[in-house]
Structures are given as structure tokens and as C-alpha cells.
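Okay, here's what each chain looks like letter by letter:
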Amino acid sequence: MKFARRLWHRTLDLIPVTGFHFDRPLVLLQSDDWGRAGVRDQEGWEQLRSAGIALGERPYDFYSLETAEDLAALTALLSRHRDCSGRHPCLEMNFIVVNLDFAKMCADSVGQLHLLPLAEGLPQGWKRPNLIEGYRAGIGDGVFRAALHGTTHFCRSAVERNCAGDRERGKLLQTLWRAGTPYIHWRMPWIGYEYWDPEKPDGDRFLPAEQQQQLIGQTVRTFSKMFSTLPHSACAPGYRSNDDTHRAWSQHGISVAQNGPGGLVPPHFGRYDILHLFRTVELEPAVDPAFSVEACLGQAERCFECGVPAIVSVHSINFHSTLRNFRSRTLQFLDQFLTTLESRHADLLYLHDEDLHELVQRGSYKTPHGSAQVNVVQKKFTMAQLRQQRDA
């Protein structure tokens, strides 16, 4: 079975795919982990330290949750920028749509996971006034767009197994939960990602198709209650998705799959009529000690030279300010990045994922001011060819 899977993936790498290229510079902003709770606040931070967890070693020890003030600052920056059509940049926000209900779990001696939908608020002890309203206001203003990330970022079966079966790991989970923190991933990679269990045998780490189908169906329903609309774009937690994930996404109305960085891969349709997008610019100053705006600009210019959209990856941690002020520095860099691109390219266009999906099908997409026309060129390529170019 494992050999057959490897052979199938090698075959896919050699099958020609039609990629889409564009005669104008296109910029998309994609961002993961919105709505996902981390370390609650300074009080929660001190509670964890008192319990023996030495926080502060890596940036994700400071991952908390965005505030309404974080969203307002981001909205203000995006609203100052416009493309040649007069349109603002739009941040594609990939949402985790539930958090752990810590109050119920602490009262449950069995150690069962209890989930609290984001639409119903945040867990007990968490205070983020006007946060939900801030999401919706930014969406209404056209500077945010809600997309699907997952129900939980972690693999539930992996967490439940370790909570019940491993004393040391279970103790760590209980310590975190008592402080209102679900997990800190770099400290416990055995929790995996929603559709991927890292401690299963190689080749069996993705959840079975039926289980993924059920999870994605639940996630879409919860998403629709939060945003009063169905999602059309999705990014799997940890970028861990497979053919079963894509099939389930398609069956639930997802038409765009966001993939992680991996070279200059042009947008293209995969199976199930899903348009695959690959991130090409990493604007992640909160987690990259070597970050520079010039490097990001170089990545974007390379995209434009190749007729590929500059798809910017900027995770939500970059806009957090509760435990460490990542926000101010990120906004400064993002402002510089966008300002420079606008000054260099008079025909620059800001799109979101659904715009690009419409563009590759029709050669144009709707804007608040009418429609924008872009010449779309189709070229054949194989993933094996792109991999060779990247590694050359």
C-alpha cells in the first residue's frame, strides 16, 4: 500500500498541469490562525511559569490571540493603501472556528475534550472586548475576508490519546488547560495537525477519508454560523492536506486551496476542480530573526517577472500585542512593502482568493468600481520540473 502511494505521487509529479500566468502584477495576502487561542494574557503567562514551564524561548511562547485594537490598527493600515483600480488590499484570514472549553474540561475527570465555537465567544477567563465585532467590521469594510483553517489546529485523536495514555504528556496538557492555554505546538509536536497524526506509521498519518469528511463538514457548519456565509477558500492546519482533504473540501463548496511556500508554483487546477495557490512571499517578522523587507520585495519582483501572483504569507502572530508587541513592527514592514510595490508598479492589483478564481476562468473579476481585466496565459508544467528549477 505504501509503495503504491509513493508510485502514485511520483506519477502525479510527471503529469503535465496547466498553470496560469498574468501580464500584470497581482498581490494576495493570506494569513493563518485567526480566532485560535494561545497563552491567555500576562496572568496566564505567570501561571504557566509558576507551574514550571519556562516561557520565552521562542516566538510562539508569546502567541496569544489578537485584540480588537490589533484588528483596528491593521484595518487602518490596509485602508490607506490602494491599487490602480482604487481597491484596498484584502487580508484572507484563515479561521480556527472553535477553542477548547477549559471550564468544562477542568470539571470533567475523564479528560474529554470540550469545544466552544468562536461564534459563542471565548473560553472562561479570556477577555477580548469587541473582537468578534472587529472581525465582522473588517470584513464589511472589504479589508478582511474570512476563509477556512480548521475546527481545531491540532489532531484531536492525538491529543486525546496522549492525555489518557502518557503521564508526562497528559500532565503537561492539564497544566496548560488550567491556565487557559490549549497548547504550545513547538513544545509538543506530538499533537500534530487537524488532519494529520504524526505518531501514526509513515503513510497512515493522515486521518481516514470518512473522518476528514465528517470533520470538514462540522467545520463548515460552524464557520457558517460565525460568518453567515459558506467558505470558498481553505488552508489546512500545518499545510497538512491530502487528496481526501481536497475531495471533502470540494464537496463542501471550497473552490480554492491555499498551500504553503514551495517555489514559484503558478496557480493551477487540481482534482475536484479546486484551484491551488502557493505562497511565494514570506512576510513573517515575528518568527524570522533574519527578516527583511528587501528580501520580501525581491520575492515579489521575481513573481512578477514570471507572471505569477505574489501571494504573501503573514500569520496572525505578527499582529499580536498582548504578550509581546509584534504588531507595531509588522505594520511598519507591511506598510513599507505595500508602499514600495505601489510606487514601482502603476498597474498593481490587490486580489483575494475568490477574485483569482474568477480571473482564471473569465479573464476578469468584479471590483467595487466595476471589473478589472487581466490577460491570462496558460502554460503547461510538471511539479517535477518546478522542483528541479527550485533546487538548481
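See the structure above.
Anyway, here's the lowdown on the structure attached to this text. (Residues numbered from 1 in each chain as written. Predicted model: local features only at pLDDT ≥ 70, side-chain atom pairs only at ≥ 80, totals over all residues. Heavy atoms only, no water.)

### Considering the overall build of the chain
What the chain contains, in helices and strands, is 13 helices and 16 strands. For the chain, whose C-alpha radius of gyration is 21 Å, the value lies close to the compact-globule estimate of 21 Å for 392 residues. By its C-alpha atoms, the chain is 60 × 50 × 40 Å across when sized along the principal axes. Across the 392 residues that make up the chain, the buried fraction comes to 55%. The contacts of the chain with a sequence gap of at least 6 include a subset with a gap of at least 24, amounting to 73%. Surface accessibility of the chain: about 17200 Å² in total, with carbon and sulfur atoms responsible for 49%. Charged side chains in the chain number 43 positive and 45 negative. The centres of these two groups are separated by 4 Å. (Helix = DSSP H or I, 4+ residues; strand = E, 2+ residues; numbered from the N terminus. Rg over C-alpha atoms; globule rule 2.2 N^0.38 Å. Buried < 20%, exposed > 50% of the residue type's maximum accessible area, 1.4 Å probe, protein only. Contact = heavy atoms within 4.5 Å. Areas by Shrake-Rupley, 256 points an atom, 1.4 Å probe, with all protein chains shown as cover. Lys, Arg positive; Asp, Glu negative; His and termini not counted. Charge placed at Lys NZ, Arg CZ, Asp CG, Glu CD.)

### A word on the packing of helix H3 (residues 68-80) against helix H5 (residues 131-141)
Interaxial distance between H3 and H5 falls to 8 Å at its minimum, and their mutual angle equals 15 degrees. As judged from the angle between their axes, H3 and H5 are roughly parallel. Between H3 and H5 lies a crossing of left-handed hand. Counting all contacts with H3, which are made through Ala68, Leu71 and Thr75, the residues of H5 involved are Leu131, Gly134, Tyr135, Gly138 and Asp141. Here the residues of the contact of H3 with H5 sort into four nonpolar, three polar and one charged. (Axes fitted to C-alpha atoms, helices over the stretch in contact; angles between N-to-C directions. Parallel < 35°, antiparallel > 145°, perpendicular 65-115°, else oblique. Left-handed = near helix turned anticlockwise from the far one by under 90°. Nonpolar A, V, L, I, M, F, W, Y, C, P; charged D, E, K, R; others polar.)

### What to know about unusual backbone geometry
The phi angle at aspartate 33 is positive, at roughly 80 degrees, despite the residue not being glycine. Mapping aspartate 33 onto the fold places it in strand S2 (residues 26-34). For aspartate 273, which is not glycine, the phi dihedral falls at a positive 60 degrees.

### Side note on the side chain of serine 64
Turning to its location among the elements, serine 64 is positioned in the loop between helix H2 (42-50) and H3. For serine 64, the side chain forms a polar contact with the main-chain oxygen of arginine 40, separated by 3.2 Å. Aside from chain neighbours lying at most four places away, what touches serine 64 is Arg36, Ala37, Gly38, Val39, Arg40, Trp126, Arg128, His320, Thr322 and Leu323. (Polar contact = N/O pair within 3.5 Å; in protein donor to acceptor, adjacent residues only side chain to side chain.)

### Remarks on helix H12 (residues 353-362)
Taken across its ten residues, H12 has seven buried, putting it largely inside the fold. Looking only at H12, the buried set comprises Asp353, Asp355, Leu356, His357, Glu358, Leu359 and Val360.

### A few points about the pattern of salt bridges
For the structure on display, the rule yields 19 salt bridges. Residue arginine 279 pairs with aspartate 32 through a salt bridge whose shortest N-O separation is 2.8 Å. Highlighted residues: arginine 279 in the loop between strand S10 (275-278) and strand S11 (281-282) and aspartate 32 in strand S2, separated in sequence by 247 residues. Between aspartate 33 and arginine 36 there is a salt bridge, with the nearest N and O atoms lying 3.7 Å from each other. (Salt bridge = Lys/Arg side-chain N within 4 Å of Asp/Glu carboxyl O.)

### What about the nonpolar core?
Membership of the largest hydrophobic core comes to 88 residues, with the highest contact counts inside it found for Leu78, Tyr135, Trp177, Trp249 and Phe337. With 16 residues, the next largest nonpolar core counts Leu26, Val256, Leu351 and Ala372 among its residues. (Core = buried A, V, L, I, M, F, W, Y, C linked by side-chain atoms within 4.5 Å.)

### Topic: the state of the cysteines
Under the definition given, this model contains zero disulfides. Here cysteine 303 stays unpaired: no disulfide links it, and the sulfur of cysteine 306, its closest cysteine neighbor, is 7.4 Å away. (Disulfide = S-S within 2.5 Å.)

### Regarding the environment of glycine 238
Examined against the element boundaries, glycine 238 turns out to sit in the loop between strand S7 (233-234) and helix H9 (243-251). Contacts of glycine 238, omitting those with residues within four sequence positions, involve His153 and Tyr193.

### Examining the packing of H3 against helix H11 (residues 327-344)
When two helices pack together, you describe them by how their axes are tilted relative to each other and by the distance separating the axes. Here H3 crosses H11 at 15 degrees, and the two axes come no closer than 10 Å. Of the possible angle classes, the one that applies to H3 and H11 is roughly parallel. Classified by chirality, the crossing of H11 by H3 is right-handed. Only Arg327, Leu331, Leu334, Asp335 and Leu338 of H11 make contact with H3, whose side of the interface consists of Glu69, Asp70, Ala73, Leu74, Leu77, Leu78 and Arg80. A per-class count over the contact of H3 with H11 returns seven nonpolar, no polar and five charged.

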